[in-house]
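Observations on the model geometry
Letter by letter, the chains look like this.
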Amino acid sequence: MLPDYIIYDELKKQREKRNHERPRVNIERPIPYWPEPEFEGPDQEEEDESERGVEILQI
């Protein structure tokens, strides 16, 4: 019976060989455009905070 390290080395060589045989395609992906957020004044921030909350429904 072969020692484990010989079997693992052989499996690693086979994996590397398969990976090098595969063709690789580089696909260029466009960078998405994210517009700059508009400036929110202090009045708008207070308004957002007051609209948030929890509503409990009885079933």
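In this report, the structure presented in the accompanying data block is examined. Each residue is numbered by its place in its chain's sequence as written, counting from 1. Owing to the predicted nature of the model, reporting of local features is limited to residues with pLDDT of at least 70; listing and counting of side-chain atom pairs is limited to 80 or more, with chain, interface and lining totals taken over all residues. In computing side-chain values, all of the structure's heavy atoms are included and hydrogens and water are not.

1. Quick word on the overall build of the chain
For the chain, the helix and strand inventory stands at 2 helices and 0 strands. When a residue's accessible area, from a 1.4 Å probe over protein chains only, is under 20% of the maximum for its type it is buried; when over 50% it is exposed; and in between it is partly exposed. Across the 59 residues of the chain, 2% fall into the buried class. Numbering of helices and strands runs from the N terminus, with a helix taken as a DSSP run of H or I at least four residues long and a strand as a DSSP run of E at least two residues long.

2. Looking at a positive patch on the surface
Residues Lys 12, Arg 15, Arg 18, Arg 22 and Arg 24 make up a contiguous surface patch of positive charge. Following the sequence through the fold, Arg 22 ends up in the loop between helix H1 (4–21) and helix H2 (42–51). Given a relative accessible area of 54%, Arg 22 falls into the exposed group. The residues that make up patches have over 30% relative accessible area and no salt bridge, and they are joined within 9 Å when like-charged or within 5 Å when they are Val, Leu, Ile, Met, Phe, Trp or Tyr. Computed with a 1.4 Å probe, the accessible areas rest on the Shrake-Rupley method; for each residue, only the protein chains presented here act as cover. When a carboxyl oxygen of Asp or Glu is within 4 Å of a side-chain nitrogen of Lys or Arg, the pair counts as a salt bridge. Positive residues here are Lys and Arg, negative ones are Asp and Glu, while His and the chain termini are left out of the count. In plain terms, the charge of a residue is placed at NZ if it is Lys, CZ if Arg, CG if Asp and CD if Glu.

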